[in-house]
Amino acid sequence: MKKALLTLTALALLATTAQARSWEEIKKSGTIKIATEGAFPPFNVVKGKELTGFEVDLANQLARQLGLKVQWVTQPFDSLLIGLQQDRYDFVIASHGITPERARAVDFSSPHYCTGGAVVSRVGGPKTAADLKGKTVAVQVGTTYLENVRKVPGIKEVKTFPKDTDAQAALMAGRVDAWVGDKFTGLDLVKAQKGKLAAGSLLFNERIGMAVRKGNAGLLKELNAALTKSLSDGSYAKLSGQYFGTDVRCR
Ligand code: ARG
């Protein structure tokens, strides 16, 4: 908890120094640099050698609309917003929930989807927040799942993992009693492990946005305009349908 707070304070300090590429500079260069994790299916994931997922396809679609080529960067979830402050790329799309703490360090786009954090356990395991009492829970580090699980009273232990897929593996291996993660990821997980895992309840809701360097208003405006267009011309709906069988936009 202390460590997470320190990191965000450090981010807020960094936010006042370095200089992000302006929209004009990006446009002139013809290429936008986008960062994601690449280990968070079905949103951003490396499959074989290919970076894919709902957010990767969406960002590629937005860049195309802005007339830009894309250069992708993948790095651990935990360091994505720090790299943004160091101007290693122009924006981040990695399922970041729009929280007040993060919004102090970076600027968020309009939400590109809405979701929530849910419990998954082995069949017969804990399903609700109350059931988590006395139990061990796996979550990815640096996430809103960790933040929210810490608010549930009586949990025996929260185990953090650098990657969400490792937190899921801990559940399947029986090393923890429950996993808390994205509700759509949870649905896929339960489907893939049919008869072994069961979906529990939703612990919280969140709006997910893309992050730009604090103060990069020009880029933010272009990204939001491209997203609005995708939401209204059917391209967002088509993509969302492909990945989720439903439209995941915020309403
Ligand atoms: N939605 C959660 C959060 O805001 C988890 C995001 C994890 N993203 C990832 N690429 N692993 O913290």
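Since the model is a prediction, treat every value here as computed from it, not as a measurement.

Chemist: Is there a simple way to explain the overall build of the protein chain in this structure?
Modeler: In terms of helices and strands, the protein chain carries 10 helices and 12 strands. Since a compact globule built from 251 residues should have a radius of gyration of about 18 Å, the 18 Å found for the protein chain is in line with a globular shape. Taken along its principal axes, the extent of the C-alpha atoms in the protein chain is 55 × 40 × 35 Å. For the protein chain, the proportion of its 251 residues judged to be buried stands at 47%. The protein chain carries 35 positive and 23 negative side-chain charges, and their two centres are separated by 3 Å.

Chemist: Sorry, what's going on with the layout of surface pockets here?
Modeler: A probe matching the size of a water molecule, rolled over the atoms, marks out where space remains unfilled. Roughly 180 Å³ of internal volume is contained in the second largest pocket. What lines the second largest pocket is Pro41, Pro42, Val45, Lys47, Thr52, Gly53, Gln168, Thr185, Asp188, Leu189 and Tyr243. Elements represented by at least two residues in the lining of the second largest pocket include exactly β3 (44–47) and α8 (183–192). The element that contributes the greatest number of residues to the lining of the second largest pocket is α8, accounting for three residues. Residue classes in the lining of the second largest pocket are distributed as five nonpolar, four polar and two charged.

Chemist: For this particular structure, what's the right way to read the pairing of strand β8 (residues 113–122)?
Modeler: Successive side chains on a regular strand alternate, one facing one side of the sheet and the next facing the other. Along β8, eight of the 10 residues are buried, which leaves the element largely enclosed by surrounding structure. Across nine bridges, the pairing between β8 and strand β12 (residues 197–213) is antiparallel. The partner of Ser121 across the bridge, within β12, is Ala198. Where β8 and strand β11 (residues 178–182) come together, five bridges link them in antiparallel fashion. Looking across to β11, one finds that Ala118 is bridged to Gly181.

Chemist: Explain the pattern of salt bridges to me, please; I cannot follow it from the model alone.
Modeler: Two side chains of opposite charge can pair, provided their charged atoms sit close to one another. A complete count under the given rule lists six salt bridges for this structure. Note that Arg21 is salt-bridged to Asp90, the shortest N-O span being 2.7 Å. With Arg21 in the loop between α1 (2–14) and α2 (23–29) and Asp90 in the loop between α4 (80–85) and β6 (91–97), the pair connects residues that are 69 residues apart, well separated along the chain. Of the residues examined, Arg21 reaches a relative accessible area of 27% and is grouped as partly exposed.

Chemist: What exactly am I supposed to notice about helix α7 (residues 164–172) here?
Modeler: Two residues of an α-helix separated by three or four positions point the same way, owing to the 3.6 residues in each turn. What α7 keeps buried is the set Asp164, Ala167, Gln168, Ala170 and Leu171. On an axial view of α7, the arc spanned by its buried residues comes to 155 degrees, and they lie on one face. Just downstream of α7, Gly174 is the residue with a positive phi angle, here 80 degrees.

Chemist: Could you clarify how one ought to interpret the sheet that holds strand β2 (residues 39–40) in this entry?
Modeler: One key point about sheets: their strands pair by backbone hydrogen bonds, in either a parallel or an antiparallel sense. Strand order in the open sheet made by the three strands is β2-β3-β4, with antiparallel pairing throughout. Of all the strands in the sheet, just β2 and β4 (50–52) have a single pairing partner and so form its edges. Pairing of β3 with β4 involves three bridges; the strand directions are antiparallel. Within β4, the position partnered with Val45 by the bridge is Thr52.

Chemist: Which parts of the structure should I look at to understand the pairing of β11?
Modeler: Most of β11 is tucked away: five of the five residues are buried. With two bridges joining them, strand β9 (residues 136–140) and β11 adopt parallel strand pairing. Residue pairing across strands places Ala138 opposite Trp179, the latter belonging to β11.

Definitions and cut-offs
Residues numbered from 1 in each chain as written. Predicted model: local features only at pLDDT ≥ 70, side-chain atom pairs only at ≥ 80, totals over all residues. Heavy atoms only, no water. Helix = DSSP H or I, 4+ residues; strand = E, 2+ residues; numbered from the N terminus. Rg over C-alpha atoms; globule rule 2.2 N^0.38 Å. Buried < 20%, exposed > 50% of the residue type's maximum accessible area, 1.4 Å probe, protein only. Lys, Arg positive; Asp, Glu negative; His and termini not counted. Charge placed at Lys NZ, Arg CZ, Asp CG, Glu CD. 1 Å grid on protein atoms, 1.4 Å probe; cavity = no way out; pocket = protein on both sides within 12 Å on 5 of 7 lines; lining within 4 Å. Points joined across faces, edges and corners; volume = space filled by probe spheres on them. Nonpolar A, V, L, I, M, F, W, Y, C, P; charged D, E, K, R; others polar. Pairing = 2+ DSSP bridges. Salt bridge = Lys/Arg side-chain N within 4 Å of Asp/Glu carboxyl O. Arc of directions from axis to C-beta.

These values are about where atoms sit, not about what they do.
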